[in-house]
Amino acid sequence: MSSVSPQTVLGRLRAVAWDDLEPAFAHGRSRALLMREHMRRAALWARVCGAEERWPFFDVTEYLAPAFEPAPEVAAELEEYVRRIGTPSLRRVCRGAVRWAAARSEGRVEPSELPELPDPYEPVLLMFERGGGYSIEEFIDLYGVMIPYGTLDSNARAAPFLSSAHSTLDVLDALDADADGPVTYYAKIGDGFPRDSPRGILRRRPVGRDTETLDEAFTRNLRWEPTEYFRRHALGHNEVDHVRITEFEAAAFIESTTKGLGASRRPSHGL
């Protein structure tokens, strides 16, 4: 868990276009995944802090270093900034992110004193950068997609989404742009190719208004291309098997494949 300066976090927040909804719609899928990862991490930190009742939007430093205050100039800049944005929940998260960075950079919260948990605010900061904030009612409204809260326990048990690469997040936003309904992902597995390191990944997506589906594989061309795999598997060509996976796992495979084939070959947005 690395430490960054509070000024760096403030700079990231100042660059957020809070009132521009166009990026929020364009980045709906990645923002939803990042919010879910924030809720997962917040659930883990809430247990450590004894802040279960404040989950998922709270100030970690308030619990781990209750007497801490950032340097006066940082505190003044922070308060001047948050007065201009969003809802009380949004202001609390922004304060929490800056105060956490300040406490970490000033050594008020030592890594040796903390459990092995990922940074509590990086996913939500990335989400802000990809389309602004959120509002909370019965669901969490990300201005383009709404996600349910679930429970603290269900979020703590959720699969992690650890990617912070904007290239992968861009791929996720384009991932199912051409689908007319829910998309299902699969990993090709076999000897030496477990679920977390498969031969490749596949997707089945609906097309048109009928019940027709299209089967595709993510190829070395860094795009989805039609595949006969499922048809051949049903006919008995099953030397390679498959298992259903989550979009988190699909994103991780796409990221590793993209890196492996070189940064110069960027994924096509015609996915």
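Everything here concerns the structure above.
Residues numbered from 1 in each chain as written. Predicted model: local features only at pLDDT ≥ 70, side-chain atom pairs only at ≥ 80, totals over all residues. Heavy atoms only, no water.

Participant: What exactly am I supposed to notice about the overall build of the protein here?
Facilitator: In terms of regular secondary structure, the protein is built from 11 helices and 8 strands. When its C-alpha atoms are laid out on the principal axes, the protein stretches across 70 × 40 × 40 Å. For the protein, the proportion of its 271 residues judged to be buried stands at 47%. Sequence-distant contacts in the protein: of pairs separated by 6 or more residues, those separated by 24 or more amount to 68%. On the protein, roughly 13,700 Å² of surface is accessible, and the fraction owed to carbon and sulfur atoms is 49%. Placing the 34 positive and 42 negative side-chain charges of the protein at their respective mean positions leaves the two points 3 Å apart. (Helix = DSSP H or I, 4+ residues; strand = E, 2+ residues; numbered from the N terminus. Buried < 20%, exposed > 50% of the residue type's maximum accessible area, 1.4 Å probe, protein only. Contact = heavy atoms within 4.5 Å. Areas by Shrake-Rupley, 256 points an atom, 1.4 Å probe, with all protein chains shown as cover. Lys, Arg positive; Asp, Glu negative; His and termini not counted. Charge placed at Lys NZ, Arg CZ, Asp CG, Glu CD.)

Participant: Please clarify how helix H5 (residues 72-82) should be interpreted in this entry.
Facilitator: Every α-helical turn comprises 3.6 residues, leaving residues that sit three or four positions apart pointing alike. For H5, the complete set of buried residues consists of Val74, Leu78, Tyr81 and Val82. The arc that holds every buried residue of H5, seen down its axis, measures 85°, which confines them to one face. In this structure, the buried residues of H5 make contact with helix H1 (6-14) and helix H6 (88-105). (Arc of directions from axis to C-beta.)

Participant: So what exactly am I meant to see when it comes to the environment of Arg54 here?
Facilitator: If you trace the backbone, Arg54 turns up in the loop between helix H3 (28-49) and helix H4 (60-64). With relative accessibility at 32%, the residue Arg54 sits in the partly exposed group. For the pair formed by Arg54 and Ala43, sequence separation is 11 residues and the distance between their alpha carbons is 9.8 Å. Those residues in contact with Arg54, other than ones at most four positions away along the chain, are Glu62, Tyr63 and Arg92.

Participant: Teacher, can you tell me more about the packing of aromatic side chains here?
Facilitator: For any pair of aromatic rings, the description rests on two quantities: the centre-to-centre distance and the angle between the ring planes. Under the criterion given, the structure shown has 8 aromatic pairs. With 4.6 Å between their ring centres and 15° between their planes, Phe57 and Tyr134 make a pair best called stacked. Residue Phe57 is found in the loop between H3 and H4, and its partner Tyr134 is found in the loop between helix H7 (122-129) and strand E1 (135-136); the two are separated by 77 residues along the sequence. Here a set of aromatic residues connected by ring pairs shows up, and it is made of Tyr185, Phe218 and Trp224. Sitting above the plane of the Phe230 ring, Arg204 keeps its charged end 4.6 Å from the centroid. (Phe/Tyr/Trp six-rings, centres within 6.5 Å; stacked < 30°, edge-to-face > 60°. Lys NZ or Arg CZ within 6 Å of the ring centre and 35° of its normal.)

Participant: Can you help me understand the sheet that holds E1 in this one?
Facilitator: Read from one edge to the other, the open sheet built from 3 strands follows the order E1-E2-E3, with strand pairing classed as antiparallel. A single partner strand is all that each edge strand has here, and the edge strands are E1 and strand E3 (146-147). Taken together, the 2 bridges between strand E2 (residues 140-141) and E3 define a ladder with antiparallel strand orientation. Each bridged residue has a counterpart across the sheet, and for Asp141 the counterpart in E3 is Met146. (Pairing = 2+ DSSP bridges.)

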